[in-house]
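Structural features, examined
Listed here are the chains, written in short residue letters.
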Amino acid sequence: MYAETVSQQALAYGVAPLAFEHPEAEALAEAIAPEQGALTNVVLTGTAGDGKTSLCSELWYRLTGDKSRKAGKDRSNYGKVVVATPQGDRTLHFIFEFSGFTPEQHQPWKAEQIDLLNRFARSVFDPEPSEYFVVAGNDGKLVQAFDSLPDGADTRMKPLIETLLTRDQRSQAGAALLFLNLSRMSTRQLLERALDCLLARQEWACFEAEANDPAFSPSSPLTRNFRLLHEPRIRERLQALGELCDSNGFHVSIREILLLLVNALLGYKGGDGLARADALRELVRDGRHHDACLYDNLLGANLTEARRERYAVFRFLTGFRIGLETSNALDALLVFGQNDTDLQAHYQRLLGDDLQYGVNPGFERLREAYLEAEEDRGAADEFHAGLLAERRRLFFRLTEADPRFDPWQLSVFMSAGGYRSQMLAPLRAGGAVDPALLARLVQGLNRVWTGMLAGSLDKLYLTTGLDFTTARVSDLYLNAVPLEPDFNGSGLSFSFDRDRHVPVLHVHLRQDHDAALPLTLMRFEFLMRVAQGALPSSFSKECYEDIISFKTRVLSDFYRINEGRSVPLSILSASTDGALVTRQLGIRL
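Note that this is a predicted model, so its numbers are computed, not measured.

On to the overall build of the protein chain. Of regular secondary structure, the protein chain possesses 25 helices and twelve strands. Oriented by its inertia axes, the alpha-carbon framework of the protein chain measures out at about 75 × 75 × 45 Å. Residue burial in the protein chain is summarised as follows: out of 589 residues, 52% are buried. The contacts of the protein chain with a sequence gap of at least 6 include a subset with a gap of at least 24, amounting to 63%. A total accessible area of about 27600 Å² is found for the protein chain, and carbon and sulfur atoms account for 51% of it. Of the side chains in the protein chain, 64 bear a positive and 78 a negative charge, and the two mean positions are spaced by 2 Å.

On to the sheet that holds strand S4 (residues 131–136). Ordered in space as S2-S3-S4-S1-S5, the five strands form an open sheet in which the pairing is mixed. Unpaired on one side and paired on the other, strand S2 (78–85) and strand S5 (177–181) mark the two borders of the sheet. Averaged over all neighbouring strand pairs, the angle between strand axes comes to 15°, with direction disregarded. Bridge count between S2 and strand S3 (residues 88–95): eight bridges; the pairing is antiparallel.

For the rest of this paragraph, the subject is the environment of His93. Tracing the backbone through its elements, the reader meets His93 in strand S3. Overall, the relative accessible area of 1% leaves His93 in the buried class. Between the C-alpha atoms of His93 and Thr64, which are 29 residues apart in sequence, the distance is 12 Å. Setting aside residues no more than four positions away along its own chain, His93 makes contact with Tyr78, Gly79, Lys80, Leu116, Arg119, Glu131, Tyr132, Phe133 and Val134. Polar side-chain contacts of His93 include one of 2.6 Å to the side chain of Tyr78.

As a further point, take the pairing of strand S7 (residues 476–482). In terms of burial, S7 is a largely internal element, six of the seven residues being buried. Inspection of the sheet shows strand S6 (residues 459–464) paired to S7 by six bridges, in the antiparallel sense. If you follow Thr463 over to S7, its bridge partner there is Tyr477. For S7 and strand S11 (residues 568–574), the ladder comprises two bridges, and the chain directions are antiparallel. Considered in S11, the bridge of Leu476 is made with Ile571.

Our next topic: the sheet that holds strand S9 (residues 502–508). Backbone-to-backbone hydrogen bonds join strands into a sheet, with any given pair of strands oriented parallel or antiparallel. The strand order across the open sheet built from three strands is S8-S9-S10, with neighbouring strands paired in antiparallel fashion. Of all strands in the sheet, those with a lone pairing partner are strand S8 (491–497) and strand S10 (515–518), marking the two edges. Direction aside, the axes of adjacent strands within the sheet are offset by 25° on average. Where S9 lies against S10, four bridges are found, and the strand directions are antiparallel. Within S10, the position partnered with His506 by the bridge is Ala516.

Counting residues in hydrophobic clusters, the biggest one holds 139 residues, and the most contacted among them are Ile32 and Met423. Beyond its immediate sequence surroundings of up to four residues, Ile32 is in contact with Ala38, Leu39, Thr40, Val42, Leu59, Arg62, Leu63, Leu92 and Val134. The next biggest cluster of nonpolar side chains, apart from the first, holds 26 residues, and it includes Phe98, Ile114, Leu117 and Ala153.

Let us look at unusual backbone geometry. Positioned with a positive phi, Arg321 is a non-glycine residue whose angle comes to about 55°. Note on placement: Arg321 falls in the loop between helix H16 (312–318) and helix H17 (328–336). Although it is not a glycine, His501 sits at a positive phi angle of roughly 60°. Tracing the backbone through its elements, the reader meets His501 in the loop between S8 and S9. Accessibility expressed as a relative area gives 15% for His501, which makes it buried.

On the surface, Phe336, Tyr370 and Leu371 cluster together into a nonpolar patch covering about 280 Å² of accessible area. Tracing the backbone through its elements, the reader meets Tyr370 in helix H19 (residues 361–371).

Moving on, we come to the side chain of Glu256. Relative to the helices and strands, Glu256 is located in helix H12 (residues 254–266). Despite being buried, Glu256 has no salt bridge partner; Arg315 is the closest side chain of opposite charge, sitting 6.1 Å away. Leaving out residues up to four positions away in the same chain, Glu256 has contacts with Tyr311, Ala312 and Val313.

The side chains of a regular strand alternate, first on one face of the sheet and then on the other. In terms of burial, strand S1 (residues 41–45) is largely enclosed, as five of its five residues are buried. Of the two faces of S1, the one carrying Asn41, Val43 and Thr45 and the one carrying Val42 and Leu44 are both buried. The pairing of S1 with S4 spans three bridges and is classified as parallel. Within S4, the residue paired with Val42 across the bridge is Val134.

Unfilled space is identified by rolling a water-sized probe across the atoms. In this structure, the second largest pocket encloses a volume near 400 Å³. Lining the second largest pocket are 21 residues, with Lys269, His290, Asp291, Asn360 and Phe363 sitting closest to its centre. When contributions to the lining of the second largest pocket are tallied by element, the ones reaching two or more residues are helix H14 (294–297), H19 and helix H20 (377–397). For the lining of the second largest pocket, the residue count by class is seven nonpolar, five polar and nine charged.

Attention shifts here to the pattern of salt bridges. Under the counting rule described, the total for this entry stands at 41 salt bridges. Arg397 is paired through a salt bridge with Glu231; the nearest N and O atoms lie 3.3 Å apart. Within this pair, whereas Arg397 is found in helix H20, its partner Glu231 is found in the loop between helix H10 (221–230) and helix H11 (232–247), the two being separated by 166 residues in sequence. For Arg560, the salt bridge goes to Asp557, with nearest N and O atoms at 3.6 Å.

Turning our eyes to something else, we now look at the packing of helix H6 (residues 139–147) against helix H7 (residues 157–167). Running from N to C, H6 and H7 point in directions that differ by 155°, and their axes come no closer than 9 Å. By the angle class used here, H6 and H7 are roughly antiparallel. Crossing handedness for the pair H6 and H7: left-handed. Residues Asp139, Leu142, Val143, Phe146 and Asp147 of H6 form the contact with H7, whose own contacting residues are Met157, Lys158, Ile161, Glu162 and Leu165.

Definitions and cut-offs
- Residues numbered from 1 in each chain as written.
- Predicted model: local features only at pLDDT ≥ 70, side-chain atom pairs only at ≥ 80, totals over all residues.
- Heavy atoms only, no water.
- Helix = DSSP H or I, 4+ residues; strand = E, 2+ residues; numbered from the N terminus.
- Buried < 20%, exposed > 50% of the residue type's maximum accessible area, 1.4 Å probe, protein only.
- Contact = heavy atoms within 4.5 Å.
- Areas by Shrake-Rupley, 256 points an atom, 1.4 Å probe, with all protein chains shown as cover.
- Lys, Arg positive; Asp, Glu negative; His and termini not counted.
- Charge placed at Lys NZ, Arg CZ, Asp CG, Glu CD.
- Pairing = 2+ DSSP bridges.
- Axes fitted to C-alpha atoms, helices over the stretch in contact; angles between N-to-C directions.
- Polar contact = N/O pair within 3.5 Å; in protein donor to acceptor, adjacent residues only side chain to side chain.
- Core = buried A, V, L, I, M, F, W, Y, C linked by side-chain atoms within 4.5 Å.
- Patch = residues over 30% accessible without salt bridge, like charges linked within 9 Å, V, L, I, M, F, W, Y side chains within 5 Å.
- Salt bridge = Lys/Arg side-chain N within 4 Å of Asp/Glu carboxyl O.
- 1 Å grid on protein atoms, 1.4 Å probe; cavity = no way out; pocket = protein on both sides within 12 Å on 5 of 7 lines; lining within 4 Å.
- Points joined across faces, edges and corners; volume = space filled by probe spheres on them.
- Nonpolar A, V, L, I, M, F, W, Y, C, P; charged D, E, K, R; others polar.
- Parallel < 35°, antiparallel > 145°, perpendicular 65-115°, else oblique.
- Left-handed = near helix turned anticlockwise from the far one by under 90°.

The following block contains the structure:
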């Protein structure tokens, strides 16, 4: 649903649209404040649904007092306004939708379009412009349009846009431009704001005013799901998923976050997947509230696979494989927890306090049949489907306090808890990474880089194949980088990329050298699994190739730094205890 459509629907039904402060609203307000003499050019880019149109419409209203754009009545692609500044009047041009302003691919440019973009370029690069531009457009369209300008047009914007996009920069020296890439907004932050805004709506008074209507009664799935979204543990786990999407390079737009939350409240397994009032009444009447359970809805389990694939948010969450992965301890808790005296206390503590959905009678019937070992393949498949749903519920209800019942064991990213608590949290706060965690990461790196079963070591080994390539088994020793920086500046360090929301591992061969590896959740999980004994290619071939590519970069830097020097060559081998032992060959490189 587009911003203009939302405004029209809100007006038609007499309901105020959902609205919370956009994370980039303050930056835009500071950049465009003509009464204070603040004016510059602004490009708003990002994926569809990130709020570009809403930000432009709000700015237009602030400068002109014209509500037509906010109300969705004016949908033109271009507008301009003359604003008063301490230096005199200035013209501010708005290109509200760059895709609509520029010609379709392979279509010719109009003279007025070229003229306006030429003036845009002059405004960015000239020292004292008299006019400024606010441009909103998807990043792909921006690059494609400036790349297709005809001969004679001012092409200075093309390399600038490409540089700002590829380097994740908001500005560049010598260019009067604020470049806001909304795809770099934090999904976790957007989730927090959207949740607060949604749950604070005054319309939720319906649960009291309409309590006699089954659709809004305490028995309604809508009521149950609404209450669950208020539970701190549910909100924290949902925000953790948003945080991990960020650190995996997966951005979820505002539009799809709202879609996720609406599905969480109103999703159900039936019809078109969205429970309206009549469907809610039927679910209450038939006692099928588990068919509209929040735990399933948050992961899109109420939708068909084809519909989930249409939305990035559900594609990303499906990638966690929540419920498809498990551990013996967690499955034992679900299957035997109510009857096993050793597990009953844990079952009550972790699942019995679910006041909204409690025990699923449908699953209980299947569980009892399973325990009685009834020979029925159809019933077994139904039991496994029910167990999958119970695992999803367990994922949102477990805390991370007990390692035996770690919720992330129910996902493909079993190390996600440690990634968040021991890496993301301390680095974001300006702290240091636990040395023990660094040692495990280096163990994984050593096993990939050398191809040997390296143990826990205090150095990162730089090796190559006998043919000086990054062979799968690289036993020609070149250098060893200590975990802690030494007097020469050689060592390892961490930083946090606040634009990409990801930790970065730095390898320093000397004081003035830095090779950086963004440690996404996927790469972190890969290295943890390799350190624990998994074969490098068993979890992710892509991650293996990423780590080998990083090794190639470090090798190239090593050769460049030591160009013209004589380096002694040694053969590296692994001992039975995992130590890496060097043996000099008596020759030099």
